[in-house]
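Breakdown of the fold
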Amino acid sequence: MFLLRIFPLSIPSSQSTISSMKPTLVCLFAHPDDEAFGPSGTIHAFTKMHDVYIICATNGDAGENHHPAGGTIDLGHQRKSEIIESSKVLGVKKVFFLEHKDGELSNNKYQTIATECRTILDDLRPQILLTFEHRGISGHIDHVFMAMVTSFLYERLSYVQEAHFYCLREDQHNKKPGEYFIYFPRGYKESEVDKTVDITKYLAVKKAAISKHISQTKDMKNILKSLRTKECFYIFKKDK
Ligand SMILES: [Zn+2]
């Protein structure tokens, strides 16, 4: 007997978990803005052929607040709404929040957060996971943590075939450590990069997604000034 699946006519583009026939990709990020300031061109490209979801471990409430309303806003709440708006621009189906404290992802939360991610992933059964590289791009420990959790889940979940780690090539890595970051890891050599995505045609979408992070205006302006047309990844891939 054939079961007919009936889809509602109107599916909210950013908050749906109704599965389609497309393969699924899940991004695992630490903060609201990692998706936009990071590999948003590639995320948008993936939405053309995949159902794309984001798991966001924290609500970013320890970040700087440059929102025009200043201290009158609840920063965590504001930043959650910013990543939801950014995800709508990118074509992401839904953002899942784990509600952990920004800046406090550490060893003693590995198993808890891996289990929380796994519960969501078991439902979505993605073929691909995507996150920041293992040095966390900027050296942010929260980013490193999510790379570790992603690697752990990649190794244990049989339905996951690939894990894509967003990285900067040495020539893209021109930042100097500020006061916040005590060490800025080096960029990657060309030989260490498995995939380079030319996002030239998605730059307008990337800018639009970045611009949704109103409370992060300072970082936003810096990133918009030096937008790159290439997004690089190294990839873990299982033998078929
Ligand atoms: Zn971040």
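Here goes a summary of the coordinates provided. (Residues numbered from 1 in each chain as written. Predicted model: local features only at pLDDT ≥ 70, side-chain atom pairs only at ≥ 80, totals over all residues.)

As for the pairing of strand β1 (residues 24–29)
Across the six residues of β1, six count as buried, placing the element largely inside the fold. Burial along β1 is two-sided: Thr24, Val26 and Leu28 facing one way and Leu25, Cys27 and Phe29 facing the other are all buried. As paired elements, β1 and strand β2 (residues 51–58) share six bridges and run parallel to each other. In the sheet register, phenylalanine 29 faces β2, and the bridge partner there is cysteine 56. Here β1 runs beside strand β4 (residues 128–132); their pairing, made up of three bridges, is parallel. Paired with leucine 25 across the bridge in β4 is isoleucine 128. (Buried ≥ 20, exposed ≤ 12 C-beta atoms within 10 Å, placed from the backbone. Helix = DSSP H or I, 4+ residues; strand = E, 2+ residues; numbered from the N terminus. Pairing = 2+ DSSP bridges.)

Observations concerning the pairing of β2
Counting buried positions along β2 gives eight out of eight residues, so the element sits mostly inside the fold. Two elements, β2 and strand β3 (residues 94–100), share five bridges in a ladder whose sense is parallel. Each bridged residue has a counterpart across the sheet, and for isoleucine 55 the counterpart in β3 is phenylalanine 96. In the classification by handedness, the crossover that spans β2, the intervening helix α3 (residues 75–90) and the parallel β3 is right-handed. (Right-handed = clockwise from strand over helix to strand, strands pointing away.)

Focus: unusual backbone geometry
One non-glycine residue, glutamate 99, lies in the positive phi region at around 65°. Summarising the element assignment, glutamate 99 is placed in strand β3. With a phi angle near 65°, isoleucine 137 is a residue other than glycine that sits in the positive phi range. Note on placement: isoleucine 137 falls in helix α5 (residues 136–139).

Details of helix α7 (residues 203–210)
Along α7, the residues that are buried comprise Val205, Lys206, Ala209 and Ile210. What you see down the axis of α7 is that its buried residues fit within an arc of 135°, all on one side. Tucked into the core, α7 has its buried residues touching α1 (34–37), α2 (40–47), α3 and α8 (217–225). (Arc of directions from axis to C-beta. Contact = placed C-beta atoms within 7 Å.)

A short note on the packing of α2 against α7
Here α2 crosses α7 at 115°, and the two axes come no closer than 9 Å. By the angle between their directions, the pair α2 and α7 is classed as roughly perpendicular. As for how α2 packs across α7, the hand of that crossing is right-handed. On α7, the residues touching Ser40, Gly41 and His44 of α2 are Leu203, Val205, Lys206 and Ala209. Of the residues assigned to the contact of α2 with α7, the class counts are three nonpolar, three polar and one charged. (Axes fitted to C-alpha atoms, helices over the stretch in contact; angles between N-to-C directions. Parallel < 35°, antiparallel > 145°, perpendicular 65-115°, else oblique. Left-handed = near helix turned anticlockwise from the far one by under 90°. Nonpolar A, V, L, I, M, F, W, Y, C, P; charged D, E, K, R; others polar.)

Quick notes on the nonpolar core
Among the nonpolar cores identified, the biggest contains 53 residues, and Val26, Leu28, Ile54, Leu129 and Met146 are the most heavily contacted of them. Per-element accounting of this core gives the leading share, seven residues, to helix α6 (residues 141–156). In this view, methionine 146 contacts Leu28, Phe29, Ala30, Ala57, Thr131 and Phe132; residues no more than four positions away in its chain are not counted. (Core = buried A, V, L, I, M, F, W, Y, C linked by C-beta atoms within 7 Å.)

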